[in-house]
Amino acid sequence: MAGDDPELEAIRQRRMAELQQQAAAQQNRSQQEEQARQAEAQKQAILRKIMLPEARDRLANVRLVDPQQAANVENQLIRLYQSGRLQTAVTEPMLKELLQSMAPREREINITFQRRE
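Residues numbered from 1 in each chain as written. Predicted model: local features only at pLDDT ≥ 70, side-chain atom pairs only at ≥ 80, totals over all residues. Heavy atoms only, no water.

A. Region of the structure containing the nonpolar core. Ile 50, Met 51, Val 73, Leu 77, Val 90 and Leu 95 are the most contacted members of the largest nonpolar core, which has 17 residues in total. A per-element tally of this core places helix α3 (residues 67–83) first, with five residues. With sequence-adjacent residues up to four places away left out, Val 73 is seen in contact with Leu 59, Leu 95, Leu 98, Leu 99 and Met 102. (Core = buried A, V, L, I, M, F, W, Y, C linked by side-chain atoms within 4.5 Å. Buried < 20%, exposed > 50% of the residue type's maximum accessible area, 1.4 Å probe, protein only. Helix = DSSP H or I, 4+ residues; strand = E, 2+ residues; numbered from the N terminus. Contact = heavy atoms within 4.5 Å.)

So, in structure tokens, the structure goes:
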């Protein structure tokens, strides 16, 4: 290798640096994915602890229709639990009430027709 072209050696060094960066980026992504999986597992464990089965079923149905709203409800319930404001297990009627309170208000639109004679 001592007789190699300096330009070729520079190309090898750049390629080696690129490969090392790619490996570091892949490892970082793997760590982030693992942290996300652990956070989701903790979140689900809390929800199982604080919600009755019928409330979890209803939330699963909401998730099918509106995943963002379901995530918002889950986060709200977890915040209530962690702050100590959730004293009892969440029942289906309680979940319905929470869903209604978080639903966007729809404006009623009235259309009137005026006839010209």
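Further notes follow.
B. How the structure looks around α3. Spanning 17 residues, α3 covers 24 Å between terminal C-alpha atoms, matching the ideal 24 Å at 1.5 Å per step. Against α1 (6–50), α2 (53–65) and α4 (92–102) lie the buried residues of α3. In the stretch just after α3, Gly 84 is the one whose phi turns positive, near 85°. (Expected span 1.5 Å × (residues − 1).)

C. The arrangement of the packing of α2 against α4 in detail. Where α2 meets α4, the closest approach of the two axes is 8 Å, and the angle between their N-to-C directions is 35°. The segment α2 lies against α4, with Glu 54, Ala 55, Arg 58, Leu 59 and Val 62 engaging Glu 92, Leu 95, Lys 96 and Leu 99. For the contact of α2 with α4, a count of residues per class yields five nonpolar, no polar and four charged. (Axes fitted to C-alpha atoms, helices over the stretch in contact; angles between N-to-C directions. Nonpolar A, V, L, I, M, F, W, Y, C, P; charged D, E, K, R; others polar.)

D. Looking closely at the pattern of salt bridges. Evaluation of the coordinates by the stated rule reveals six salt bridges. Ionic pairing is found between Arg 12 and Glu 9, a salt bridge with its closest N-O pair at 3.8 Å. Within this pair, Arg 12 and its partner Glu 9 are both found in helix α1, separated by three residues, close to a single helical turn. Look at Arg 12 and you get partly exposed, because its relative accessible area is 36%. (Salt bridge = Lys/Arg side-chain N within 4 Å of Asp/Glu carboxyl O.)

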